[in-house]
Amino acid sequence: MAYGMTVRRFMPFTVMKECAMSNEALVLYEIQGAIATLTLNRPKALNALSPELMAELATIMETLDEDDTVRCIVLTGGPRVFAAGADIKDMAERTSTSMVERRSFATWERVRKCRKPIIAAVSGYALGGGCELAMQCDMIVASETAQFGQPEIHIGIMPGAGGTQRLARALGPYRAMEMVLTGNMLSAREAHAAGLVNRVAPIESFLDEAHRLASEIASRAPVAIRLAREAVRHGVETTVRDGLEIERRNFYLLFNTEDQKEGMQAFIEKRPATYKGK
Ligand code: DAK
């Protein structure tokens, strides 16, 4: 990783209770300075999002959420594949009842609740639940090899972790409908042109590009970042009227932070601001 920052940790994060079947960490994480990088680590199954992997991811996200030194998270699957979806082998014999009883939405919800900005760094396939996981992040940086799709229709199901809603909001209903009903994929360039992807970079540097973006965000006032992020995220999930209410509330709240005083004072004194996250 670039930027010459000190690595504080690099360790497999195996959640013994939730991941009893696995000897190997399904999600790796590394923290450099204010940026945590999470890597999905089931390469033989193209990072298929098994319940065990999602449980590890959720636990790591919750840990990072509580760590004040972490200001931005980069989620990747490595250069070959982001994730080829939920684990089809795990779902193949399931019934509606066993799907409901398993409560896997609760695990996805734990990931979604993380309050830190998350950048998905996508290379290769981001399919089905993989595409949905990327879209659940706040921004997407893609390598030129990235392919986004909701191919569930090919296996007799439909997107179940936000794909129908988030795709429609990102691409508009017509393009989303085509993707969901045909299962066809978008290339990185197409996804960028359609507004699903923030930046496209060569495969050799897409992760650096994601880290560059993460560093920029990590340098901003943390409370303002959190409240602004909350306003944008809630806004797209609600009416404009309710979104404006959230925006206004969070805007006023920021005037109670030391960082707002520091940011404005630094501007007036023509010096860089030093933010404390208070
Ligand atoms: N699940 C399980 N294993 C998978 C997998 C998947 N989604 N995708 C790939 N693999 C495995 C393959 O079975 C193969 O394993 P082995 O045969 O070697 O044991 C290995 O990964 C390599 O895959 P391929 O040999 O197929 O590799 P190719 O390069 O030829 O093809 C591919 C790559 C990505 C085009 C192909 O693997 C593929 O079509 N994969 C399936 C893509 C897909 O249909 N994805 C959507 C799955 S449904 C929910 C949340 C989310 C979801 C549902 C519920 N709740 C919260 C309740 C989401 C559902 C889905 O994502």
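Residues numbered from 1 in each chain as written. Predicted model: local features only at pLDDT ≥ 70, side-chain atom pairs only at ≥ 80, totals over all residues. Heavy atoms only, no water.

1. Details of the pairing of strand 4 (residues 72-76)
Consecutive side chains of a regular strand alternate in pointing toward one face of the sheet and then the other.
In step 1: Burial within strand 4 is extensive, with five of its five residues counted as buried.
In step 2: With burial as the criterion, each face of strand 4 is covered, one bearing Cys 72, Val 74 and Thr 76 and the other bearing Ile 73 and Leu 75.
In step 3: In this sheet, strand 4 lies alongside strand 3 (residues 35-40) in parallel orientation, the contact comprising five bridges. Of the residues in strand 4, the one forming a bridge with Thr 37 is Val 74.
In step 4: Following the chain from strand 3 across helix 1 (residues 51-66) to the adjacent parallel strand 4, one finds a crossover that is right-handed.
In step 5: Note that strand 4 and strand 6 (residues 118-122) share four bridges and pair parallel. Pairing of Leu 75 across the sheet is with Ala 120, part of strand 6. (Buried < 20%, exposed > 50% of the residue type's maximum accessible area, 1.4 Å probe, protein only. Helix = DSSP H or I, 4+ residues; strand = E, 2+ residues; numbered from the N terminus. Pairing = 2+ DSSP bridges. Right-handed = clockwise from strand over helix to strand, strands pointing away.)

2. Looking at the environment of Gly 78
In step 1: The topology assignment puts Gly 78 in the loop between strand 4 and strand 5 (81-83).
In step 2: Since its relative accessible area comes to 13%, Gly 78 is described here as buried.
In step 3: The residues touching Gly 78, leaving out its near neighbours within four places in the chain, are Thr 39, Ser 123 and Phe 206. (Contact = heavy atoms within 4.5 Å.)

3. Focus: the pairing of strand 6
In step 1: Burial analysis of strand 6 places five of its five residues in the buried class, the great majority of the element.
In step 2: The alternating pattern of strand 6 places Ile 118, Ala 120 and Val 122 and Ile 119 and Ala 121 on opposite faces, both of which are buried.
In step 3: With four bridges connecting them, strand 6 and strand 8 (residues 139-143) associate as parallel partners. Each residue of the ladder has a partner; that of Ile 119, found in strand 8, is Met 139.

4. Some remarks on the confidence of the model for the protein chain
In step 1: Averaged over every residue, the pLDDT of the protein chain is 90; residues scoring 70 or more account for 92%.
In step 2: Here residues 1-22 is a poorly scored stretch, pLDDT under 50, and it has 55 contacts once near neighbours within four places are set aside; other chains count. (pLDDT = per-residue confidence, 0-100.)

5. Re helix 1
In step 1: With 16 residues, helix 1 extends 23 Å from end C-alpha to end C-alpha; this agrees with the ideal 22 Å at 1.5 Å per step.
In step 2: Those residues of helix 1 not exposed but buried are Leu 53, Met 54, Ala 55, Glu 56, Leu 57, Ala 58, Thr 59, Ile 60, Met 61, Leu 64 and Asp 65. (Expected span 1.5 Å × (residues − 1).)

6. Observations concerning the nonpolar core
In step 1: Counting residues in each nonpolar core, the largest one holds 49 residues, and the members touching the most others are Leu 38, Leu 57, Leu 133 and Phe 148.
In step 2: Here this core takes seven residues from helix 1, the largest share from any one element.
In step 3: Residues Ala 34, Ile 35, Ile 119 and Val 141 belong to the second largest nonpolar core, which totals 15 residues. (Core = buried A, V, L, I, M, F, W, Y, C linked by side-chain atoms within 4.5 Å.)

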